[in-house]
Amino acid sequence: MRTSHRTVGMAMAVLATAALTSCGSGSGSEPVASGTVTLSFLTGSDQTAVDTSKALVDAFMKANPTIKIETETRPGGSEGDNVIKTRLSTGEMTDVFWYNSGSLLQALNPAQTLVDLTGDPVLANVQTDYLPVVTQENKVYGVPAASLTGGGILYNRKVYEQLKLEVPKTWAEFMANNDKIKAAGITPMIGTYKDTWTSQLFVLADFHNVQSAVRNFAQDYTAGKAKFATTPAAATGFQHLADVHAKDYYNKGFGSATLDQGLKMLVEGKGAHYPMLSALLPPLLKTYPQTATDVGLFGIPGDDPATSGATVWEPNAIYIAKTTEKLDAAKKFLVFVASPAGTEAVTAAVPPSGPYRIKGSKLPEDALQVAKDLQVYIDKGATAPALEFLSPIKGPSLEQITVAVGSGLTPPAEGAAQYDKDVEKQAKQLGLAGW
């Protein structure tokens with residue numbers, strides 16, 4: 001669930017022939033008169049993207065004094081998506097740029113707009129598990145720009161220690177923990193429905209369990225063959241929302257509470273569990289340094305302890321525009337980004353919220369506990385990418401539906417059926433086969 005956007009746009013137009021024919025190997029067009037090559041780099045405007053990009057650029061230029069990188073930012077959300085698509089379609093894209101991995105990549109028409117990195121040494125250090133989210137039609141186009149994000153239950157470890165609780169591996173164990181927490185006078189579950197997108201995690205972060213139960217769900221869902229309402233494993237996320245509300249586990253005023261208030265409750269131990277993304281934690285460290293050690297992460301528990309795992313949001317990627325005239329320098333930059341040296345530079349500026357998808361990269365000793373917890377799932381091979389990385393379909397009304405189900409206003413089965421209708425509209429807009 002990339003919170004910067006809600007829907008996937010239609011595929012963009014093919015680049016003009018003139019733009020394509022201007023692209024060669026790149027090396028022959030790179031300026032050499034001054035001995036310095038200047039690359040342009042378009043990145044996101046959110047603080048994490050800005051800080052990560054600056055760390056990468058500064059470290060790279062220090063190691064490569066003959067290459068200068070000039071960075072500019074773009075807006076977030078759909079406005080930023082349109083900037084990317086417009087600049088690619090008009091041949092005015094920067095040499096390299098930061099953008100989403102996963103299903104949104106197809107909207108960029110990568111075969112026509114991006115440099116194909118398949119088999120290139122640029123990818124030597126990229127973990128194979130990451131490659132599918134930067135691949136279209138069996139061609140690989142990008143390298144991971146940051147660390148993984150885990151989606152699941154953020155929990156206060158001090159509360160667990162105080163009440164002698166174990167991390168649950170099944171939903172029944174999770175609910176039993178909630179009962180004990182409530183009995184101790186602590187809020188078991190944090191809800192922040194004022195920021196409606198935060199209501200979606202019980203559904204979106206449950207995808208590891210869905211995929212464990214129905215291996216081909218993403219493929220069949222995209223083809224219009226599988227539905228949330230008629231697939232028990234997929235409908236379970238909506239049921240979880242209803243279960244938590246029925247037990248009165250949420251904080252008082254959860255309908256008007258904000259994300260910031262929820263995170264504060266969690267870190268201070270006034271709430272024990274918060275369905276959320278690990279990437280939300282690093283910005284808290286300045287105000288609440290205890291975030292690093294007091295908050296942990298576990299995946300949404302399922303029914304079978306043997307398949308216990310977590311859903312992950314793969315890192316955004318850095319791509320090379322096909323219009324670049326400085327391909328050699330651009331590839332050199334991507335090699336650095338996708339290297340242990342690159343991740344070390346990022347870690348020094350932005351505490352990682354999860355492991356990196358780079359071979360040889362290790363979390364620092366003082367890494368956030370949530371990152372260490374996610375590393376355990378990675379090492380076990382017990383993760384699945386969020387559905388949005390496997391399918392272009394994510395209905396725009398999901399957050400309103402999950403607010404209604406989580407507030408007890410809509411039965412879970414009805415909510416799942418409503419989402420199927422929401423999804424159908426978008427799939428038809430995208431012109432997908434089978435709908």
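Higher on the page you've got the structure.
Calculation notes
- Residues numbered from 1 in each chain as written.
- Predicted model: local features only at pLDDT ≥ 70, side-chain atom pairs only at ≥ 80, totals over all residues.
- Heavy atoms only, no water.
- Salt bridge = Lys/Arg side-chain N within 4 Å of Asp/Glu carboxyl O.
- Helix = DSSP H or I, 4+ residues; strand = E, 2+ residues; numbered from the N terminus.
- Buried < 20%, exposed > 50% of the residue type's maximum accessible area, 1.4 Å probe, protein only.
- Pairing = 2+ DSSP bridges.
- Axes fitted to C-alpha atoms, helices over the stretch in contact; angles between N-to-C directions.
- Contact = heavy atoms within 4.5 Å.
- Phe/Tyr/Trp six-rings, centres within 6.5 Å; stacked < 30°, edge-to-face > 60°.
- Polar contact = N/O pair within 3.5 Å; in protein donor to acceptor, adjacent residues only side chain to side chain.
- Expected span 1.5 Å × (residues − 1).
- Bend = angle between axes of the 7 residues up to and from the residue.
- Nonpolar A, V, L, I, M, F, W, Y, C, P; charged D, E, K, R; others polar.
- Core = buried A, V, L, I, M, F, W, Y, C linked by side-chain atoms within 4.5 Å.

A. Molecular detail of the pattern of salt bridges. Taken as a whole, this structure holds 10 salt bridges when the rule is applied. Linking Glu72 and Arg87 is a salt bridge whose minimum nitrogen-to-oxygen distance equals 3.2 Å. Residue Glu72 is located in strand 2 (residues 67-73), and its partner Arg87 is located in helix 3 (residues 77-89); the two are separated by 15 residues in the primary sequence. Taking the shortest distance from any N to any O, the salt bridge between Glu314 and Arg357 comes out at 2.9 Å. Of this pair, Glu314 sits in the loop between strand 11 (310-313) and strand 12 (317-320) while Arg357 sits in the loop between helix 14 (340-349) and helix 15 (369-380); the two residues are 43 residues apart in sequence, bridging distant segments of the chain. With relative accessibility at 3%, the residue Arg357 sits in the buried group. By sharing partners, the salt bridges in this structure join Asp129, Glu314 and Arg357 into a single network.

B. Spatial organisation of the side chain of His273. In this fold, His273 is placed in strand 9 (residues 271-277). Using a relative accessible area of 0% as the deciding quantity, one classes His273 as buried.

C. View of the sheet that holds strand 3 (residues 96-99). Taken in spatial order, the five strands make up an open sheet running 2-1-3-12-6, and their pairing is mixed. The open sheet has two free edges, formed respectively by strand 2 and strand 6 (142-144), since each of these has just one partner strand. Direction aside, neighbouring strands of the sheet carry axes that sit 25° apart on average. Note: strand 6 against strand 12, three bridges, orientation antiparallel. If you follow Pro144 over to strand 12, its bridge partner there is Ala317. Along the sheet face, helix 3 touches strand 1 (37-43), strand 2 and strand 3 and points at about 150° away from the line of strand 3. The strands touched by helix 13 (residues 327-337) within the sheet are strand 1, strand 2, strand 3, strand 6 and strand 12, with strand 12 carrying the most contacts at an inclination of about 165°.

D. Just the packing of aromatic side chains, in detail. What the rule picks out here adds up to 20 aromatic pairs. Connected via pairs of aromatic rings, a cluster forms that spans Tyr155, Tyr160, Trp171, Phe174, Phe202 and Phe298.

E. Examining the side chain of Glu314 more closely. The class for Glu314 is buried, based on a relative accessible area of 7%. Among the polar contacts made by the side chain of Glu314, one reaches the side chain of Arg357 at a distance of 2.9 Å. Contacts of Glu314, omitting those with residues within four sequence positions, involve Ser101, Asp129, Tyr130, Val133, Leu148, Arg357 and Phe389.

F. Quick look at helix 10 (residues 232-246). Spanning 15 residues, helix 10 covers 20 Å between terminal C-alpha atoms, matching the ideal 21 Å at 1.5 Å per step. Remark: the principal bend of helix 10, roughly 30°, maps to Phe238. Considered for burial, the residues of helix 10 that qualify are Ala233, Ala234, Ala235, Gly237, Phe238, His240, Leu241, Ala242 and Val244. Of the residues flanking the end of helix 10, it is Asp248, one or two places downstream, whose phi is positive at about 55°.

G. Broad picture of the packing of helix 10 against helix 16 (residues 398-406). At a minimum axis separation of 8 Å, helix 10 and helix 16 run at an interaxial angle of 35°. Counting all contacts with helix 10, which are made through Phe238, Leu241, Ala242 and His245, the residues of helix 16 involved are Leu398, Ile401, Thr402, Val405 and Gly406. For the contact of helix 10 with helix 16, the residue count by class is six nonpolar, three polar and no charged.

H. Structural detail: the nonpolar core. Residues Phe97, Phe202, Phe228, Ile318 and Phe333 are the most contacted members of the largest nonpolar core, which totals 126 residues. Per-element tally for this core: the top contributor is helix 13, with seven residues. Not counting the four nearest positions on each side in its chain, Phe202 is found in contact with Ile153, Trp171, Phe174, Met189, Gly237, His240, Leu241, Val244, Tyr250, Pro275 and Ile300.

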